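Now for the letters of each chain:
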Amino acid sequence: MTLLDLNPDQLLSTTRAVRKRLDFGREVPQDLIRECVAMALQAPSGSNVVTMRFAVVRDAEKRRAIGDVYREVYAGYRASPHYAGRQAGDEQARVASSADYLGEHMGDAPVLVIGCTEGPDRASAKAMLGNILPAMWSFMLAARARGLGTSWTSMHLARERDIADILGIPYDTVAQAVLTPLAYTKGTDFRPAKRPSPDSVIHWDTW
Ligand SMILES: Cc1cc2nc3c(=O)[nH]c(=O)nc-3n(C[C@H](O)[C@H](O)[C@H](O)COP(=O)(O)O)c2cc1C
């Protein structure tokens, strides 16, 4: 395992949604994926019960099928008033162009990962979404530390059952939460994003 030379704050502030800089031509070793999942499982979970599950898709046909679903859902988003490209500003235009690219190419990533939670029934699985969300972010941080890129997406949830059918995920007991491509990044230099100041979002002692 070779990790990038990033201190904790650098790792936290440079783990971006990577889309155009995903290297689709380079295979991701299985052991690296296992390491990222091991790191993800260090995240907290309710009652310390591991309900998190990771559907790791390397099969080309299945990736293509998931990519097709994502493209279709993305087309609906693109036509909607919420589309980032319709919002003012260079930053939103940049995000829209990047998201458009992933809309076309999700299935081209060498690996797709779907973070899920499992429960005795679907309602219980969904109630445990709080377990998979921090775990997936840890997965993405661990990936970044290993030179891999990810992009948090949830749009596919509009067609969750179709994705479940493609992968044989038991829809009645497993809730999907996040779909991300996983690939080596083209270069490893990523910058902190422009974000609001802490004081614009902190409510000290009283709202
Ligand atoms: C809950 C959530 C849902 C998201 N859904 C999508 C998505 O469906 N497609 C996509 O391309 N990016 C998606 N993103 C990524 C955001 O667009 C991205 O995090 C944001 O533009 C900021 O970019 P950065 O992560 O590089 O700072 C999502 C992010 C979050 C947290």
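All values derive from a computational prediction rather than experimental measurement.

About the criteria used
Residues numbered from 1 in each chain as written. Predicted model: local features only at pLDDT ≥ 70, side-chain atom pairs only at ≥ 80, totals over all residues. Heavy atoms only, no water. Helix = DSSP H or I, 4+ residues; strand = E, 2+ residues; numbered from the N terminus. Rg over C-alpha atoms; globule rule 2.2 N^0.38 Å. Buried < 20%, exposed > 50% of the residue type's maximum accessible area, 1.4 Å probe, protein only. Contact = heavy atoms within 4.5 Å. Salt bridge = Lys/Arg side-chain N within 4 Å of Asp/Glu carboxyl O. Near = heavy atom within 4 Å. Polar contact = N/O pair within 3.5 Å; in protein donor to acceptor, adjacent residues only side chain to side chain. Areas by Shrake-Rupley, 256 points an atom, 1.4 Å probe, with all protein chains shown as cover. Disulfide = S-S within 2.5 Å. Phe/Tyr/Trp six-rings, centres within 6.5 Å; stacked < 30°, edge-to-face > 60°. Lys NZ or Arg CZ within 6 Å of the ring centre and 35° of its normal.

**Student:** If you had to explain the overall build of the protein to someone new, which residues and values would you point to?
**Tutor:** For the protein, the count of helices and strands is seven helices and five strands. From first element to last, N terminus to C terminus, the protein shows the α and β order α-β-α-β-α-α-β-α-α-β-α-β. In terms of overall dimensions, the protein is globule-like: its C-alpha atoms have a radius of gyration of 17 Å, near the 17 Å expected for 207 residues. Counting only C-alpha atoms and orienting by the principal axes, one finds that the protein spans roughly 40 × 40 × 40 Å. Going through the 207 residues of the protein one by one, you find that 41% of them count as buried. Long-range contacts, defined here as pairs at least 24 residues apart, represent 81% of the contacts in the protein between residues at least 6 apart.

**Student:** Explain the pattern of salt bridges to me, using residue names and the numbers behind them.
**Tutor:** Counted under the stated rule, the structure contains 13 salt bridges. A network of salt bridges, in which partner residues are shared, links E61, R64, D68, R71 and E104.

**Student:** Run through the site of the ligand, naming residues and quoting values.
**Tutor:** Neighbouring the ligand are the residues R16, A17, R19, Y70, V95, A99, L102, W152, T153, S154, M155 and R195. A distance of 2.8 Å is found between a nitrogen atom of the ligand and a side-chain nitrogen or oxygen belonging to Y70. Contact distances for the ligand include 2.8 Å between a nitrogen atom and a backbone N or O atom of W152. Relative to its free-state accessible area of 620 Å², the ligand is covered by the protein chains to the extent of 65%. The element that contributes the greatest number of residues to the shell around the ligand is helix α4 (residues 90–105), accounting for three residues.

**Student:** Before we move on, could you go through unusual backbone geometry and cite the residues and values that matter?
**Tutor:** Positive phi is not limited to glycine here, since S47 has a value of about 55°. Mapped onto the elements of the fold, S47 is located in the loop between α2 (30–40) and β2 (52–57). Under the relative-accessibility criterion, S47 is labelled exposed at 74%. For D205, which is not glycine, the phi dihedral falls at a positive 60°. One can find D205 in the segment after β5 (174–185). Accessibility expressed as a relative area gives 86% for D205, which makes it exposed.

**Student:** If you had to explain the state of the cysteines to someone new, which residues and values would you point to?
**Tutor:** Counted by the stated rule, this structure contains zero disulfides. With no disulfide of its own, C36 has C116 as its nearest cysteine by sulfur position, at a separation of 17 Å. According to the relative accessible area criterion, C116 is buried, its value standing at 2%.

**Student:** Just give me the short version of the packing of aromatic side chains, but keep the residues and values in it.
**Tutor:** Applying the stated criterion to the full structure yields five aromatic pairs. Judged by centre distance (6.3 Å) and plane angle (0°), the ring pair of F24 and Y101 falls under stacked. Of this pair, F24 sits in the loop between β1 (22–23) and α2 while Y101 sits in helix α4, and the two are 77 residues apart along the sequence. The interplanar angle of 80° and the centroid separation of 5.6 Å between the aromatic rings of Y77 and Y83 together place this pair among those described as edge-to-face. The ring of Y171 has R122 sitting right over it, with the charged end atom 3.8 Å from the ring centre.

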